[in-house]
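Below, each chain spelled out in residue letters.
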Amino acid sequence: MNQATLSTHSAADQMRKASSSRRPPSNRMKQSRIIGALFLAGFLVYGGGSSLVTSLVAGPDFLASIPPLQSLLALGAFLMLLNTAVDIAKAVFLFPILERHSTRTALTYYAAIIVQVVFLSIGALAVLMIIPLSQHAGEPGAATFGAVLVELNGMAYQIGQMTLGVGATFLCVLLFRTGLVPRWLALSGLIGYPLHVAGTVAELFGVHVGLYLTMPGFFFELVLPVWLLVRGFHRAAFEGPVLPASRS
């Protein structure tokens, strides 16, 4: 009887080993590095474009100085628009990983990214409209309209970032719960993103504290991609079985 039981267990072990040997190799590090690279690319692309635009439209009489620098302004707006493709790609690659643990969270984060890039794109288009307007810098009302376009870009940015902050808070809850990344890293996002949302709301109402409240979320968005590039998502959480109860 014991020998029969042992042989049965041995056969079962061999079947499990054979099954695991036929399983396709994990692409955990490949996906982790792609997502990490997209996080960094979005930060650099939009940050670089926005900094370039801000340097050109900062003065009160900026409109008259735009014509000789319109190529630089167009480059800045293009980089801001390029961020749309980067962020959508980031959401697309993250979606199946998040969906294994919570479909609601995956959809929430994906929707937040879509809304964010819509508003950021509106801001970039407002910047592009400054270029033809600058050809009429001396005409009545041109300076006022130019200031409105700059303000529209700033407001669209704050609304987009507020939306992202809400979606990213849900993302960090899932990261903390599942252990896809170290919990201290997920916790920094859980602290940083609500503060970021509060900062964007304050900026919309004219209270300029957004820069200070961005710092904790800034830490998460810099450390997360580095972690993904070097270590990747936690293997057990990345490849773990999907339980029906966890997909809510």
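This structure is a prediction, so every number in the text was calculated from the model and none was measured.

Draft legend 1. Looking closely at helix α7 (residues 210-230). With 21 residues, α7 extends 31 Å from end C-alpha to end C-alpha; this agrees with the ideal 30 Å at 1.5 Å per step. The largest bend in α7 is about 40 degrees, located at Pro216. Where α7 is buried, its residues contact α2 (28-56), α5 (142-178) and α6 (183-204).

Draft legend 2. Region of interest: the packing of α6 against α7. At a closest axis distance of 7 Å, the pairing of α6 and α7 adopts a crossing angle of 145 degrees. By crossing handedness, the relation of α6 to α7 is classed as left-handed. Along the contact surface, α6 presents Trp184, Leu185, Ala186, Ser188, Gly189, Gly192, Tyr193, Leu195, His196, Ala198, Gly199 and Glu203, while α7 presents Gly210, Leu211, Leu213, Thr214, Pro216, Gly217, Phe219, Phe220, Glu221, Val223, Leu224 and Trp227. Residues belonging to the contact of α6 with α7 are distributed by class as follows: 14 nonpolar, eight polar and two charged.

Draft legend 3. How the structure looks around the side chain of Ser134. Within the fold, Ser134 resides in the loop between α4 (103-133) and α5. Polar contacts involving the side chain of Ser134 include one to the main-chain carbonyl oxygen of Ile131, which spans 2.6 Å. Excluding anything up to four places from it in sequence, Ser134 contacts Leu63, Ile66 and Pro67.

Draft legend 4. Main features of the pattern of salt bridges. Per the stated rule, a full pass over the model turns up one salt bridge. A salt bridge links Lys90 to Asp87; the nearest nitrogen and oxygen atoms lie 3.4 Å apart. Here the residue Lys90 and the residue Asp87 both occupy positions in helix α3 (residues 70-99), the gap between them amounting to three residues, near one helical turn. Across the pair, Asp87 and Lys90 agree in class, each one buried.

Draft legend 5. Fine view of the packing of aromatic side chains. Counted under the stated rule, the structure contains six aromatic pairs. Considering the side-chain rings of Tyr46 and Tyr157, the 5.9 Å spacing of their centres and the 10 degrees angle between planes classify their relative orientation as stacked. Separated by 111 residues along the polypeptide, Tyr46 in helix α2 and Tyr157 in helix α5 bring together distant segments of the chain. Given the relative accessible area of 29%, Tyr157 is considered partly exposed. Ring plane angle 15 degrees and centroid distance 6.3 Å describe the contact between Phe233 and Phe238, whose orientation is recorded as stacked. Across the ring face of Phe39, the terminal group of Lys90 is positioned such that the distance to the ring centre comes to 4.2 Å.

Each value, and the rule that gives it
Residues numbered from 1 in each chain as written. Predicted model: local features only at pLDDT ≥ 70, side-chain atom pairs only at ≥ 80, totals over all residues. Heavy atoms only, no water. Helix = DSSP H or I, 4+ residues; strand = E, 2+ residues; numbered from the N terminus. Expected span 1.5 Å × (residues − 1). Bend = angle between axes of the 7 residues up to and from the residue. Contact = heavy atoms within 4.5 Å. Axes fitted to C-alpha atoms, helices over the stretch in contact; angles between N-to-C directions. Left-handed = near helix turned anticlockwise from the far one by under 90°. Nonpolar A, V, L, I, M, F, W, Y, C, P; charged D, E, K, R; others polar. Polar contact = N/O pair within 3.5 Å; in protein donor to acceptor, adjacent residues only side chain to side chain. Salt bridge = Lys/Arg side-chain N within 4 Å of Asp/Glu carboxyl O. Buried < 20%, exposed > 50% of the residue type's maximum accessible area, 1.4 Å probe, protein only. Phe/Tyr/Trp six-rings, centres within 6.5 Å; stacked < 30°, edge-to-face > 60°. Lys NZ or Arg CZ within 6 Å of the ring centre and 35° of its normal.

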